[in-house]
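# A structural walkthrough
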Amino acid sequence: MLSGLTLYALLDVMGTFVFGLTGAMVAVRRGFDLFGILVLSAAVGVAGGVVRDVLLGDVPPAVLVDLWPLALTCAAGLVAFFFAPVIERLDRPVMLLDAVGLGVFAIAGCNKALVFGLGGFGAVLLGVLTAIGGGVLRDIMTAQVPRVLHEEVYALAALAGAAAYALGLAAGLPGGLVATGAVLLAIVIRIASVRNGWTLPKARG
Amino acid sequence: MLSGLTLYALLDVMGTFVFGLTGAMVAVRRGFDLFGILVLSAAVGVAGGVVRDVLLGDVPPAVLVDLWPLALTCAAGLVAFFFAPVIERLDRPVMLLDAVGLGVFAIAGCNKALVFGLGGFGAVLLGVLTAIGGGVLRDIMTAQVPRVLHEEVYALAALAGAAAYALGLAAGLPGGLVATGAVLLAIVIRIASVRNGWTLPKARG
Amino acid sequence: MLSGLTLYALLDVMGTFVFGLTGAMVAVRRGFDLFGILVLSAAVGVAGGVVRDVLLGDVPPAVLVDLWPLALTCAAGLVAFFFAPVIERLDRPVMLLDAVGLGVFAIAGCNKALVFGLGGFGAVLLGVLTAIGGGVLRDIMTAQVPRVLHEEVYALAALAGAAAYALGLAAGLPGGLVATGAVLLAIVIRIASVRNGWTLPKARG
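Computed from a predicted model, the values in this text were never measured in an experiment.

Our next topic: the pattern of salt bridges. Where charged atoms from two side chains of opposite charge come close, those side chains can pair. For the coordinates displayed, the defined rule picks out 15 salt bridges over all chains. Of the charged contacts in the structure, one is a salt bridge between B:Asp139 and B:Arg138, with a shortest N-O distance of 3.1 Å. You'll find B:Asp139 and B:Arg138 in the same group, each marked buried. In this structure, C:Arg52 engages C:Asp53 in a salt bridge whose closest nitrogen and oxygen atoms are separated by 3.0 Å. By relative accessible area, which is 1% here, C:Asp53 ends up buried. If you follow the salt bridges from partner to partner, you end up with A:Arg52, A:Asp53, A:Asp58 and A:Lys112 in one network.

Written out as structure tokens, the structure reads:
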């Protein structure tokens, strides 16, 4: 039986790997070489956490201290390098796992910010930054407008999850339960928005 | 009667709002959805201050602690969302307010750096970074070459204001007076450069 | 006779200047004005070091405290401004000096990280970031995909140099010797890869 901590670590590992995989697949499509694939994989997998740690003053960031985050993104890069044609056909599962990463990173970022003494508002904001940071860097490094700015309900799903987590804790609910529920909320919103083609309104020209 | 502090806070609020507005208008023109508009508005309004705080080691940055900066940029985003066609016709006033933001942020950044013990040179540099940071991020996030690199006397106006502020303080002049004069100097240089089409020389091909 | 320290400082100065020069030349080619040239020159010359210092928590970064790094990049910018046509014809020497900058910055970054208590893995990683950071910012600010992602053996040369440095120190070899050898290794790999057109494999479409 998995304890809450084990579950959480498992989701975190999965999020880093899958975010890395999305970066690696973009690199493969662009025709980057193996090293470029590994770099973009690492950028997407760890950039959100680095931004979070720098803004909290928790430096050096974990990625410079522990081996596992980059080991995971390298593994993701190698998987993309060797199996890109297979993964291309799997875009539904990749989208699902990406939603998991989004939810986990949003709650992980929010949680760390609360531990470091930030108020609820700042913690939610930092959760969103942690969740979307990697993807923004991926798009900037491939000279594209970040998808989060013009497409679908993405950052909003992270925002909902992080806000639910902060509110649940403030209401005195047990941490493991709140974390699980908040992660699931973000995942469900993200997946539902893709399935149903939810969009936000645009300004009139 | 406004005290110096009240005047300063007023200008700071105005700068954050107007910088947010310039980001939001770019987002509207690009056809981003409401959330994208709010994100780009926030990026332009607060990014310069975040960079300043990170480089000074003053983390977490104010935007994660206080509510008002993001409240202001959200307000700017909503104004752009609902009234974009009206604002398009107002580009002269928006340019004027943008010049105000530039001057205020340059002096605010320089001042904070001096308070944190930086020398005059570093403080002036950080003032310029604070003033131009948001605009640079706006342009990078919309996949454009930052305007500050190839257009008009923009960063130079911030540089002149910040340098005047640091020199005035070093000369022992009263702080409120120096701040006001330095902000006005940056604003006047910026506006004059737009009105008169001032440009800097380019290298011969 | 140069002591090790003098040699090292000389290489560091050369690296900052040459990295600044590569940024300035891109700015000249893009038709940026003088200020844009100086800004891009500064970005390429100092950005890697700023990222390194922020990630190590050593703030404010050196560029805000000492005058010489920006003085060097400004000098590089002026050289490009006045002598761009001459430099265009010298691209072989510029490439050689750029390789020197790459090697020096990789080892300087790795060394500083070790001094700040990072493990070998993180120190090597930070060395690579220090070496490639400026070039990545240059490419992002000119709305291009960073060259390091899709071209040649560039970051890999920095990685080899930094890793050799960390391994050599761990093996108890004398610091000056290890540093010199590691810098030379990075330079040789970089130059050899350009001369021989070495590339890394790409994923099959």
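Many structure descriptions define interface size as the accessible area lost when the parts assemble. Listed as interface residues are 29 residues of chain C and, on the opposing side, 28 residues of chain A. The contact between chain C and chain A buries some 2,300 Å² in all, and 76% of this surface belongs to carbon and sulfur atoms. For the side of chain C that touches chain A, the secondary structure elements donating two or more residues are α2 (34-56), α5 (120-141), α6 (147-150) and α7 (155-170) of chain C. For the side of chain C that touches chain A, the leading source of residues is α5(C), giving six residues. Counted by class, the side of chain C that touches chain A contains 20 nonpolar, five polar and four charged residues.

The subject of this paragraph is the side chain of C:Thr16. All names here are of chain C. Structurally, threonine 16 is set in helix α1 (residues 4-29). Residue classification places threonine 16 among the buried positions, given a relative accessible area of 4%. Contact partners of threonine 16, with chain neighbours within four places excluded, come to Gly45, Trp68, Pro69, Leu72, Thr73 and Phe105.

Before going further, it helps to examine the interface of chain C and chain B. Each side of the interface is counted separately: chain C has 28 residues, and chain B has 29 residues. Across the contact surface, chain C and chain B share zero salt bridges. Summed over the shared surface of chain C and chain B, the number is two residue pairs in polar contact (both at pLDDT 80 or more). Among the elements of the structure, α2, α3 (68-88) and α5 of chain C are those that each provide at least two residues to the side of chain C that touches chain B.

Another aspect to go through is the relation of the copies chain C and chain B. Its rotation angle being 120 degrees, the transformation that places chain C on chain B also includes 0.0 Å of axial translation and leaves an RMSD of 0.0 Å. Such a combination of turn and shift is consistent with a three-fold rotation axis. It is C:Ala143 whose C-alpha, among those of chain C, lies nearest the rotation axis, at 3.3 Å. Comparing interface residues between copies, only 11% of those in chain C also sit at the interface in chain B, which points to a heterologous contact through distinct surfaces.

The next subject is the relation of the copies chain C and chain A. When chain C is fitted to chain A, the best match, at an RMSD of 0.0 Å, comes from turning it 120 degrees and sliding it 0.0 Å along the axis. In this assembly, only 10% of the residues forming the interface of chain C have copies in chain A that are likewise at the interface, indicating a heterologous arrangement.

The next thing to look at is helix α5 (residues 91-115) of chain A. Given a rise of 1.5 Å per residue, 25 residues ought to cover 36 Å, and the 36 Å separating the end C-alpha atoms of α5(A) matches this to within 8%. Residue A:Gly117 follows α5(A) closely and has a positive phi angle near 90 degrees.

Right, let's talk about the environment of A:Ala9 for a bit. Considering the arrangement of structural elements, one finds A:Ala9 in helix α1 (residues 4-29). Expressed as a C-alpha distance, the spacing of A:Ala9 and A:Val104, which sit 95 residues apart in the sequence, is 9.7 Å.

Looking now at the nonpolar core. One finds A:Leu149 and C:Leu149 to be the most contacted residues of the largest nonpolar core, which totals 203 residues. Residues in contact with A:Leu149, not counting those within four places in the same chain, are B:Phe32, B:Asp33, B:Gly36, B:Val39, B:Leu40 and B:Met141.

Let us now look at the confidence of the model for chain A. Residues and elements named next belong to chain A. Per-residue pLDDT for chain A averages 89, and the proportion of residues at 70 or more is 95%. Taking the mean pLDDT of every element in chain A, the minimum, 81, falls on α1 and the maximum, 95, on helix α8 (residues 155-170). Both confidence scores are given for the complex: pTM 0.91, ipTM 0.88.

Take the environment of B:Val183 next. Residue and element names in this part refer to chain B. With respect to the helices and strands, valine 183 occurs in helix α9 (residues 175-196). As for valine 183 and glycine 103, which are separated by 80 residues in sequence, their C-alpha atoms are 4.7 Å apart. Apart from the residues lying within four places of it in its own chain, the contact partners of valine 183 are Gly103, Val104 and Ile107.

Our focus in this paragraph is the packing of aromatic side chains. Summed over all chains, the structure comprises six aromatic pairs over all chains. With centroids separated by 5.1 Å and ring planes inclined at 80 degrees, the aromatic side chains of A:Phe19 and A:Phe105 adopt a geometry described as edge-to-face. Placement of A:Phe19 in helix α1 and of A:Phe105 in helix α5 is noted, with a sequence separation of 86 residues between them. Here A:Phe19 matches A:Phe105 in class, with each residue buried. Here the aromatic rings of C:Phe81 and C:Phe82 are separated by 5.0 Å at their centres, their planes lie at 85 degrees, and the arrangement is edge-to-face. For A:Arg147, the ring lying beneath its charged end belongs to A:Tyr154, and the centroid distance is 5.8 Å.

Cut-offs used in this document
- Residues numbered from 1 in each chain as written.
- Chains lettered and ligands numbered in written order.
- Predicted model: local features only at pLDDT ≥ 70, side-chain atom pairs only at ≥ 80, totals over all residues.
- Heavy atoms only, no water.
- Salt bridge = Lys/Arg side-chain N within 4 Å of Asp/Glu carboxyl O.
- Buried < 20%, exposed > 50% of the residue type's maximum accessible area, 1.4 Å probe, protein only.
- Contact = heavy atoms within 4.5 Å.
- Buried area = accessible area lost by both parts, 1.4 Å probe.
- Helix = DSSP H or I, 4+ residues; strand = E, 2+ residues; numbered from the N terminus.
- Nonpolar A, V, L, I, M, F, W, Y, C, P; charged D, E, K, R; others polar.
- Polar contact = N/O pair within 3.5 Å; in protein donor to acceptor, adjacent residues only side chain to side chain.
- Least-squares fit on C-alpha atoms with pLDDT ≥ 70 in both.
- Expected span 1.5 Å × (residues − 1).
- Core = buried A, V, L, I, M, F, W, Y, C linked by side-chain atoms within 4.5 Å.
- pLDDT = per-residue confidence, 0-100.
- Phe/Tyr/Trp six-rings, centres within 6.5 Å; stacked < 30°, edge-to-face > 60°.
- Lys NZ or Arg CZ within 6 Å of the ring centre and 35° of its normal.

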